[in-house]
Amino acid sequence: MLPGVLPPVTRHALLRIPAVALALASLGFLGLGTRAPAPEWGRMLSENMPYAERAPWAVLAPRRRPRRPRRPWPSSPRRPYAGAPRRA
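Here's what I pulled together on the structure shown here. Worth saying up front: this structure is predicted, and the values here are computed from it rather than measured.

What to know about a nonpolar patch on the surface
A cluster of nonpolar side chains, contributed by Val20, Leu24, Leu27, Phe29, Leu30, Leu32, Leu45 and Met49, occupies part of the molecular surface with about 770 Å² of accessible area. It is helix 1 (residues 2-29) that contributes the most residues to the nonpolar patch, four residues altogether. By the secondary structure assignment, Val20 is in helix 1.

So, in structure tokens, the structure goes:
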């Protein structure tokens, strides 16, 4: 019976982890989490709200995805790219 039950129970437990983390962070944000010396995401967010209100660009800047570096050479120098007109 255990081999048939173990995969669904494991899958359910792994899918619940993000919801539990979000619930704990929201409780910490409201001040209902752990006490001061222990680090917690929600309390860190609530303590840093004045900084986010004063300088929102500092909070929003990390959301940009990093640019992918361009290669200094073309991928195939002999073949023209798809938009190039063909020579006769």
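Once the structure has been displayed, the description carries forward.
Concerning the pattern of salt bridges
A full pass over the atoms with the stated rule returns one salt bridge. Measuring nitrogen to oxygen at the nearest pair gives 3.7 Å for the salt bridge that ties Glu47 to Arg43. Within this pair, Glu47 and its partner Arg43 are both found in helix 2 (residues 41-47), separated by four residues, close to a single helical turn. By relative accessible area, which is 14% here, Arg43 ends up buried.

Parameters and conventions
Residues numbered from 1 in each chain as written. Predicted model: local features only at pLDDT ≥ 70, side-chain atom pairs only at ≥ 80, totals over all residues. Heavy atoms only, no water. Patch = residues over 30% accessible without salt bridge, like charges linked within 9 Å, V, L, I, M, F, W, Y side chains within 5 Å. Areas by Shrake-Rupley, 256 points an atom, 1.4 Å probe, with all protein chains shown as cover. Salt bridge = Lys/Arg side-chain N within 4 Å of Asp/Glu carboxyl O. Helix = DSSP H or I, 4+ residues; strand = E, 2+ residues; numbered from the N terminus. Buried < 20%, exposed > 50% of the residue type's maximum accessible area, 1.4 Å probe, protein only.

From the geometry alone we can't say anything about function, so treat these as descriptive.
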